[in-house]
Amino acid sequence: GRKLSMGQKHGVDARCNAAEVCDCWEILSEFINGSSSPSFDDLPDDCLSIISSLTNTPRDAFLAGLVSKNFGLQFDSDSVWEKFLPSSDYVSLIPKSRVFASKKELYFALCEPFPNHNGRMSFRLDKASGKKCVMLSARKLLIRRVLDPRHWKWISIPESRFEKVPELVNIDALDIRGFLNTRMISPRTHYSVYIVYTKLSHCYGFQTCRILAGVGFQGHEIPKTFICFDTIKMWPDKKITYSKKRRDGWMEAKIGDIFNDGGLTGFDLIEVRIYDVAHRPRTKSGVIIEGIEFRPKDTSQ
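Residues numbered from 1 in each chain as written. Predicted model: local features only at pLDDT ≥ 70, side-chain atom pairs only at ≥ 80, totals over all residues. Heavy atoms only, no water.

1. Some remarks on the pattern of salt bridges
Move 1: Considering all chains together, one arrives at 17 salt bridges under this definition.
Move 2: With its nearest N and O atoms 2.9 Å apart, the salt bridge here joins Asp-175 to Arg-273. Taken together, the residues span a long stretch of sequence, with Asp-175 in strand β7 (residues 175-181) and Arg-273 in strand β14 (residues 269-276) at a distance of 98 residues.
Move 3: Of the residues examined, Asp-175 reaches a relative accessible area of 22% and is grouped as partly exposed.
Move 4: Given the relative accessible area of 21%, Arg-273 is considered partly exposed. (Salt bridge = Lys/Arg side-chain N within 4 Å of Asp/Glu carboxyl O. Helix = DSSP H or I, 4+ residues; strand = E, 2+ residues; numbered from the N terminus. Buried < 20%, exposed > 50% of the residue type's maximum accessible area, 1.4 Å probe, protein only.)

2. Focus on the packing of aromatic side chains
Move 1: Overall, the coordinates contain 8 aromatic pairs when judged by the stated rule.
Move 2: Considering the side-chain rings of Phe-62 and Phe-108, the 6.4 Å spacing of their centres and the 70 degrees angle between planes classify their relative orientation as edge-to-face. Of this pair, Phe-62 sits in helix α3 (residues 58-64) while Phe-108 sits in helix α7 (residues 103-110), and the two are 46 residues apart along the sequence.
Move 3: Owing to a relative accessible area of 39%, Phe-62 belongs among the partly exposed residues under this scheme.
Move 4: With 5.3 Å between their ring centres and 35 degrees between their planes, Phe-206 and Phe-229 make a pair best called tilted. Linking Phe-206 in the loop between β8 (189-204) and β9 (211-217) with Phe-229 in the loop between β10 (224-228) and β11 (240-242), this pair joins segments that are 23 residues apart in sequence.
Move 5: Put simply, the rings of Phe-62, Trp-81, Phe-84, Tyr-107 and Phe-108 pair up and form one aromatic cluster.
Move 6: When the ring centre of Tyr-194 is taken as origin, the NZ or CZ atom of Arg-295, which lies over that ring, is 3.9 Å away. (Phe/Tyr/Trp six-rings, centres within 6.5 Å; stacked < 30°, edge-to-face > 60°. Lys NZ or Arg CZ within 6 Å of the ring centre and 35° of its normal.)

3. Examining the environment of Ser-102
Move 1: Tracing the chain through its elements places Ser-102 in the loop between α6 (88-91) and α7.
Move 2: Judged by relative accessible area, which is 24%, Ser-102 ranks as partly exposed.
Move 3: Here the alpha-carbon distance between Ser-102 and Asp-78, two residues 24 residues apart in the chain, equals 6.3 Å.

4. Description of the sheet that holds β7
Move 1: With mixed pairing, the 6 strands of this open sheet are ordered in space as β4-β7-β14-β9-β10-β11. The open sheet has two edge strands, β4 (142-143) and β11, and neither has a second partner.
Move 2: Across 3 bridges, β10 lies against β11 in parallel orientation. What sits directly across from Cys-228, in β11, is Tyr-242. (Pairing = 2+ DSSP bridges.)

5. Re the nonpolar core
Move 1: One finds Ile-195, Phe-229, Ile-255, Ile-274, Ile-292 and Phe-294 to be the most contacted residues of the largest nonpolar core, which totals 57 residues.
Move 2: Ranked by the residues each element gives to this core, the list is headed by β8, at 5 residues.
Move 3: In contact with Phe-229, other than residues within four places in its own chain, are Leu-174, Ile-195, Tyr-197, Lys-199, Phe-206, Ile-211, Ser-243, Ile-274 and Ile-289.
Move 4: Core analysis: the second largest hydrophobic core is formed by 8 residues, Met-135, Ile-155, Ile-157 and Phe-162 among them. (Core = buried A, V, L, I, M, F, W, Y, C linked by side-chain atoms within 4.5 Å. Contact = heavy atoms within 4.5 Å.)

6. Some words on the layout of surface pockets
Move 1: When its volume is computed, the largest pocket comes out at roughly 280 Å³.
Move 2: Around the largest pocket, the lining is made up of 15 residues, and of these Phe-84, Ser-129, Gly-130, Lys-131 and Ser-186 lie nearest the centre.
Move 3: Residue composition of the lining of the largest pocket, grouped by class: 6 nonpolar, 5 polar and 4 charged.
Move 4: Of the volumes computed, that of the second largest pocket is approximately 240 Å³.
Move 5: Considering the residues around the second largest pocket, the lining is formed by 14 residues, among which Cys-111, Arg-124, Arg-247, Ser-300 and Gln-301 are closest to the centre. (1 Å grid on protein atoms, 1.4 Å probe; cavity = no way out; pocket = protein on both sides within 12 Å on 5 of 7 lines; lining within 4 Å. Points joined across faces, edges and corners; volume = space filled by probe spheres on them. Nonpolar A, V, L, I, M, F, W, Y, C, P; charged D, E, K, R; others polar.)

Here is the structure:
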């Protein structure tokens, strides 16, 4: 294909003006319609810079980098991936001993869960959107009788991202509560909230037990639903959320959805509640609580 030019190469950033975009669009139209064998590697650097500056999500940048060699070089640049990184205080949670060769490498490192706040929380970025995902560890939650060894015991297991997790020994009425400030997650984003746990071989008491759960803003009415920790029994009630297995081996049950408007309406503290509502709660045992996870709606763990 023929080499196209766009005048002096000066580079652009995300603030490129309308005229530059129009020039780029004209070149793209000529490129697509005027060549019998078009190649994206024939596009001028300025045009590639404008295209990359208009990239809105990490997913778009990653896929665009697969188009051609020049696209790959452009969309691997620090200027593209830097805009997807969270604030510096979030990045500072990564251990100082780790060194990254590029902003893209740093971004994908932040997509892997890492505990912080003295092991009371875990953070990661959603790979496709760059939105924040947060998990409250069991130590961050208010769990009924969790410090009583007759009811719970704290153990270390390799499958957990946290140093210790509580195993349910014996309890009748399950009651778990958690709180999260909206500043800890991405603004203007719909979130889904999950209880993450695993069942042991001696798990009992949950087979015929529905647990009430809900998420909302503290001080306001919280929408509620029933969840099942054990899927042996299928209930006819359609308002029950059944657990499913995650890719990391844990189980999860969806508690509900919430929209984080970034504090614009004055709501800044999210409350999560999971509790028994049975008149005479059955004795329960044999589950390990990993935590409560907040992640952008319709994304996987």
